Amino acid sequence: MGWHKKILRVNLTNGSCQAEPLNMEWAAEYLGQRGLATKYLLEEIDPKIDPLSPDNKLIFATGPLTGTAASTSARYSVITKGPLTGAIACSNSGGYFGAELKFAGWDMIIFEGKAAAPVYLYVNDDEVELLPAADLWGKSVWETDEILHKRHQDPLLRVSAIGVSGEQGVLYACIVNDLHRAAGRSGVGTVMGSKNLKAIAVRGGKGVRVKDPARFMKAVGEKKQILAENAVTGQGLPTYGTQVLMNVINEVGALPTHNARDVQFNGASDISGEAMHQPRGKENKPNLVTNQACFGCTIACGRISRIDKGHYTVTNRPGYWGASGGLEYEAAWALGAATGVNDLDALTFANFICNEQGYDPITFGSTLGAAMELYEMGVITDADTGGVALKFGSAEALTKMAEQVGKGEEFGKILGLGSKRMCEKYGHPELSMTVKGQEFPAYDPRGIQGMGLTYATSNRGACHLRSYTVASEILGIPEKTDPLATEGKAGLVKAFQDATAAVDSTGLCLFTTFAWSLDDFQPQVDAACDGDWSLERLSEVGERIWNMERQFNLAAGFTGKDDTLPKRLRKDAAKTGPALGKVNGLKEMLPEYYQLRGWDEGGVPTAETLQRLGL
Amino acid sequence: MMRSLSISPDKCTGCLQCEMACSYENEGVFNPSRSRIKVFSFEREGRHVPYTCTQCSDAWCRNACPTEAIGINAATGAKEVNEGLCVGCKVCTIACPFGTINYNHATGKVIKCDLCGGDPACAKACPTQAIVYVDADWTGYDRMRNWAERTDNQSTAQA
Ligand code: SF4
Ligand code: SF4
């Protein structure tokens, strides 16, 4: 159990909604969520297809522990071929939607084809319907959420939707559920928009059962205790959210600033987790209203924030006066340090817009940082931007551009391409801070060497959530390694990648891994799911998933040459801080990594590796 | 000692562990739609408020019930539904001013909080102590103590 063993297949072209049994042979090899949905995608589409064509599929997948009493059981993932990268896309979200989908009796929804006109999917247990969404098209995520609650007269409905940016083809649109929780990266929302699918509204009354309830509850209780007693998951995250990192990462000289020209930002403390607690502005109240949990989560890292009513962004705009999802670390970095803006309320406003119109703040902030550098060079001019001076540090430029990207109009159209396409268009591809077309996030690989290998080899393009070696290199979890050294990082990255792939397939949140290792997941998975789930088996599932994703990308046309970093990180040394004079030593780490992976020199898994993993 | 549930909304994070614990305890399944406790989110204010039956001394539901299906557990003081007597007429759901007794279409009976026979699962599951099960006569103790702590006895001493 754990799984319902049932998936919903929705063909948007002909409007059919069919239940079918979950492939339990695959579930035994790929567990659920990230792993299992990627297996379905790889089996069902040609990785070479155009991601925005009807041939692409879009999978909403829960894990076997989603919707159970295990802490952080909120998670679901969206798996598809990503339009920003052309690689496998797999974006994970919390909130309440994923658990609700599970309560309705579904492990997964597979969308295929393309609707002739806008539709949304309504799911109430076994009652499943595609309904017209012409009136929702052009509406924001927030408006869509409100309209659907009213239309179905059901306050308990959980909604996942795209905003206007996803309709308009902004290449990094997200899918946002519960108003401010997002399957954020690689443009999964753009794929949803390309299918004319506006939203999914779910209500579940069936619940979730596990294999051995008594053993499960015992394991769950013990593991919750570990989270409560850990300094990061028990104190740091609830108090400051992931924003606990802003000052820490700036101090170690690994905060990519001004489009990664610098590794430290002198405005970091102004936009930090600590600053969110300080009274400020006309109202003299803190930015942070409260912390908030996702479904089942005993950590509660989420930020609920308010913009000061005296701030220029919300003058005469009461729609933005209420509390909503506040800054987490990656967003604060992208909207702030990457662009040089230190105005906390401006960042919060831009973050609200990202949620309201559904797009990824990481890619947006990084792309805006690149545009600001091009503007400084005189390559992008006022004629391009409609007169908005794209100067580093300009809060007005940030918030204006956030609104333009949200609507996919004016210069927002160009920014909506992401930095790779934008920089190529202006003849400066070297200024794009991307790997495989996706912007890297808030850790500079010159100051944290392992993150260079992490970004270069991440299957969904640059990303911190594929192997968060920051835990070891900076925080000392599970043990401290030297952030400036390259030795040993190949093994570290591989270990983190494999464990993370397994965790992302359970239905639980990766943030538990500040306190838990795979052996803390194991007894929970084993008590919930059919079959025997040993630690060895879980680790192997992780390694299998990693190699399968690699196979998808190789079949899509990527090669080992794409496992690289922007030249700036490899050639331009850090100018300040502990990493002064350092570049990233990717070439010292990559060959060893390939070797440890059992891949050949070109980064292709050997026949022996594939056989060992049953691929 | 007679105990009662004491709820502090300001501590609640909206995790719904309490709803899951309630449905698991009562129905053996993780299913918030079958929970006797509900957590309400007031999004624009960033507030979460857990709400359930307060076990009135002179209970409206009990007074309204035509079949005397709602009894009192002498040990806990909980008003408990006797499923054998309940005919599902729903009169109690109309009588209760707080809405905390509800019809369950799956069984054709009403469901409400019964304090789990004296060991409420929601309070055990709550990670923030937004729900605690304490001395029924002293539910205000912690709040009193917090205010007491703020009392400035330094200046009184000097005066
Ligand atoms: S259900 Fe309502 S009336 Fe009955 S005991 Fe509870 S609060 Fe009182
Ligand atoms: S378990 Fe506690 S913190 Fe979580 S929703 Fe219930 S009352 Fe709130």
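The structure presented is a predicted model; accordingly, all values stated were derived computationally and were not measured.

Student: Can you break down the overall build of chain B residue by residue, with the values?
Tutor: If you tally the helices and strands in chain B, you get six helices and eight strands. What you see in chain B, going N to C, is helices and strands ordered as β-α-β-β-α-β-β-α-β-β-α-β-α-α. Over its C-alpha atoms, taken along the principal directions, chain B stretches across nearly 65 × 30 × 25 Å. Out of the 159 residues belonging to chain B, those deemed buried represent 39%. In the form shown here, chain B has an accessible surface area of approximately 8,800 Å², with 50% of it arising from carbon and sulfur atoms.

Student: Summarise the overall build of chain A; cite the residues concerned and give the values.
Tutor: Helix and strand content of chain A: 24 helices and 19 strands. Overall, chain A is about 60 × 55 × 45 Å in size when its C-alpha atoms are taken along their principal axes. Taken over 615 residues, chain A has a buried fraction of 66%. Of all intrachain contacts in chain A linking residues separated by at least 6 positions in sequence, the fraction that spans at least 24 positions is 69%. For chain A, the computed accessible surface area is about 19,300 Å², with 51% contributed by carbon and sulfur atoms. Looking at chain A, you have 62 positive and 72 negative side-chain charges, and the mean spots of the two groups are 2 Å apart.

Student: Would you mind going over the interface of chain A and chain B in detail, with residue names and values included?
Tutor: By a frequent convention, interface size equals the accessible area lost on bringing the separate parts together. Taken together, the contact pairs 40 residues of chain A with 20 residues of chain B. Note on chain A versus chain B: buried area summed over both sides is about 2,200 Å², and carbon and sulfur give 55% of it. Counting across the chain A and chain B interface gives twelve residue pairs in polar contact (both at pLDDT 80 or more). Those elements giving two or more residues to the side of chain A that touches chain B turn out to be helix H7 (213-229) and strand E15 (288-292) of chain A. In terms of residue count, H7 of chain A provides more of the side of chain A that touches chain B than any other element does, five residues in total.

Student: If you had to explain the sheet that holds strand E6 (residues 108-112) of chain A to someone new, which residues and values would you point to?
Tutor: All names here are of chain A. If you walk across this open sheet you meet the six strands as E2-E1-E6-E3-E4-E5, and the pairing is mixed. Only two strands of the sheet have a single neighbouring strand rather than two, namely strand E2 (16-21) and strand E5 (88-93). Each strand of the sheet is rotated relative to its neighbour by a mean of 15°, with strand direction disregarded. Relative to strand E4 (residues 76-81), strand E3 (residues 57-62) is paired through four bridges, and the arrangement is antiparallel. Directly across from Ala61, in E4, lies its bridge partner Ser77.

Student: Before we move on, can you summarise the site of ligand 1 with the specific residues and values?
Tutor: Near ligand 1 the following residues occur: Cys53, Cys56, Ala59, Trp60, Cys61, Lys79, Cys96, Phe98, Thr100, Ile101 and Lys112 of chain B. Taken together, the residues that form the shell around ligand 1 break down as eight nonpolar, one polar and two charged.

Student: So what about the packing of aromatic side chains? Which residues, and what values?
Tutor: This structure, assessed with the given rule, holds 25 aromatic pairs over all chains. Taking the centre distance of 6.2 Å and the plane angle of 85° together, the rings of Trp138 of chain B and Tyr141 of chain B count as edge-to-face. Positioned above the aromatic ring of Trp533 of chain A is the side chain of Arg537 of chain A, whose terminal nitrogen or guanidinium carbon lies 3.6 Å from the ring centre. Between Lys90 of chain B and the ring centre of Tyr103 of chain B, over which it is positioned, the NZ or CZ distance is 4.4 Å.

Student: Give me the environment of Glu356 of chain A: which residues, what numbers.
Tutor: Residues and elements named next belong to chain A. Its location among the elements puts Glu356 in helix H11 (residues 344-357). Overall, Glu356 belongs to the buried group, its relative accessible area being 12%. If sequence neighbours within four positions are ignored, Glu356 has contacts with Ser140, Val141, Trp142, Gly163 and Tyr320. One polar contact links Glu356 to Tyr320, side chain to side chain, over a distance of 2.7 Å.

Student: Tell me what's going on with the nonpolar core, and back it up with residues and numbers.
Tutor: All names here are of chain A. Counting 177 residues, the largest nonpolar core has Ile249, Phe364, Leu390, Leu415 and Tyr443 as its most contacted members. In this structure Leu390 touches Leu368, Ala371, Met372, Tyr375, Thr385, Ala397, Met401 and Phe411, once residues within four positions along its chain are discounted. Judged by nonpolar contacts, the second largest core, of 28 residues, contains Leu8, Val78, Val123 and Ala183.

Student: I'd love a proper account of the layout of surface pockets, names of residues and values included.
Tutor: Taken as a whole, the second largest pocket spans an internal volume of roughly 1,100 Å³. Around the second largest pocket, the lining is made up of 41 residues, and of these Asp145, His149 and Leu179 of chain A together with Ser41 and Glu43 of chain B lie nearest the centre. Going through the elements one at a time, helix H3 (97-103), helix H4 (141-151), strand E9 (158-161) and H11 of chain A together with strand E2 (38-42) of chain B are the ones with two or more residues in the lining of the second largest pocket. The element contributing the most residues to the lining of the second largest pocket is H4 of chain A, with six residues. Broken down by class, the residue content of the lining of the second largest pocket amounts to 18 nonpolar, ten polar and 13 charged. Both domains that meet at the lining of the second largest pocket, namely domain 1 (6-203) and domain 2 (238-251 + 257-432) of chain A, each give it at least three residues.

Student: So what about H7 of chain A? Which residues, and what values?
Tutor: Here H7 of chain A contains 17 residues, and its C-alpha end-to-end distance of 24 Å stays within 8% of the 24 Å for a straight helix at 1.5 Å per residue. All of the buried residues in H7 of chain A are Phe216, Ala219, Val220, Lys223, Lys224 and Leu227 of chain A. The buried residues of H7 of chain A occupy one face: seen down the axis, they fall within an arc of 140°. Facing away from the buried side of H7 of chain A, by more than 90 degrees, are the exposed residues Ala214, Lys218, Ala228 and Glu229 of chain A. Those residues of H7 of chain A that are buried lie in contact with helix H8 (231-240) and helix H20 (518-528) of chain A together with helix H1 (17-27) of chain B.

Student: Describe the pairing of E5 of chain A, and please don't skip the residues or the numbers.
Tutor: Within a regular strand, side chains alternate between the sheet's two faces. All names here are of chain A. Burial within E5 is extensive, with five of its six residues counted as buried. Inspection of the sheet shows E4 paired to E5 by six bridges, in the antiparallel sense. Its bridge partner lying in E5, Ile79 is registered against Cys90. In textbook terms, the turn of a hairpin is the stretch between consecutive antiparallel strands, and for E4 and E5 this stretch comprises six residues, one of which, Gly86, has a positive phi near 80°.

Student: Could you give an account of H11 of chain A, with specific residues and numbers?
Tutor: Residues and elements named next belong to chain A. Between its terminal C-alpha atoms H11 stretches 20 Å, which fits the 20 Å expected from 14 residues at 1.5 Å a residue. Of all 14 residues that make up H11, 14 are buried, and the element is covered over most of its length. For H11, the capping residue at the N-terminal end is Asp343, with a side-chain oxygen 3.1 Å from the backbone nitrogen of Asp345.

Student: Give a detailed account of the packing of helix H12 (residues 361-376) of chain A against helix H14 (residues 395-407) of chain A, specifying residues and quantitative values.
Tutor: Residue and element names in this part refer to chain A. Running from N to C, H12 and H14 cross one another at 120°; their axes reach a closest spacing of 11 Å. When the axis of H12 is compared with that of H14, the two are oblique. For the pair H12 and H14, the crossing hand works out as right-handed. Taking contact as the criterion, the partners of Phe364, Leu368 and Met372 in H12 are, on H14, Ala397, Leu398, Met401, Ala402 and Val405. For the contact of H12 with H14, the per-class residue count stands at eight nonpolar, no polar and no charged.

Student: Lay out the pairing of strand E16 (residues 302-305) of chain A with the relevant residues and their values.
Tutor: Residue and element names in this part refer to chain A. Side-chain alternation along E16 places Gly302 and Ile304 on one buried face and Arg303 and Ser305 on a second face that is also buried. Here E15 runs beside E16; their pairing, made up of four bridges, is antiparallel. Among the inter-strand pairings, Gln292 is bridged to a residue of E16, identified as Gly302. Here two bridges tie E16 to strand E17 (residues 324-325), and the two strands are oriented antiparallel to one another.

Student: Pulling in residues and values, what's your account of the state of the cysteines?
Tutor: All told, the structure shown has zero disulfides over all chains when counted by the stated rule. No disulfide involves Cys65 of chain B; its nearest neighbouring cysteine sulfur is the one of Cys89 of chain B, lying 6.0 Å away.

Parameters and conventions
- Residues numbered from 1 in each chain as written.
- Chains lettered and ligands numbered in written order.
- Predicted model: local features only at pLDDT ≥ 70, side-chain atom pairs only at ≥ 80, totals over all residues.
- Heavy atoms only, no water.
- Helix = DSSP H or I, 4+ residues; strand = E, 2+ residues; numbered from the N terminus.
- Buried < 20%, exposed > 50% of the residue type's maximum accessible area, 1.4 Å probe, protein only.
- Areas by Shrake-Rupley, 256 points an atom, 1.4 Å probe, with all protein chains shown as cover.
- Contact = heavy atoms within 4.5 Å.
- Lys, Arg positive; Asp, Glu negative; His and termini not counted.
- Charge placed at Lys NZ, Arg CZ, Asp CG, Glu CD.
- Buried area = accessible area lost by both parts, 1.4 Å probe.
- Polar contact = N/O pair within 3.5 Å; in protein donor to acceptor, adjacent residues only side chain to side chain.
- Pairing = 2+ DSSP bridges.
- Axes fitted to C-alpha atoms, helices over the stretch in contact; angles between N-to-C directions.
- Near = heavy atom within 4 Å.
- Nonpolar A, V, L, I, M, F, W, Y, C, P; charged D, E, K, R; others polar.
- Phe/Tyr/Trp six-rings, centres within 6.5 Å; stacked < 30°, edge-to-face > 60°.
- Lys NZ or Arg CZ within 6 Å of the ring centre and 35° of its normal.
- Core = buried A, V, L, I, M, F, W, Y, C linked by side-chain atoms within 4.5 Å.
- 1 Å grid on protein atoms, 1.4 Å probe; cavity = no way out; pocket = protein on both sides within 12 Å on 5 of 7 lines; lining within 4 Å.
- Points joined across faces, edges and corners; volume = space filled by probe spheres on them.
- Domains from an automatic or database assignment.
- Expected span 1.5 Å × (residues − 1).
- Arc of directions from axis to C-beta.
- Parallel < 35°, antiparallel > 145°, perpendicular 65-115°, else oblique.
- Left-handed = near helix turned anticlockwise from the far one by under 90°.
- Disulfide = S-S within 2.5 Å.

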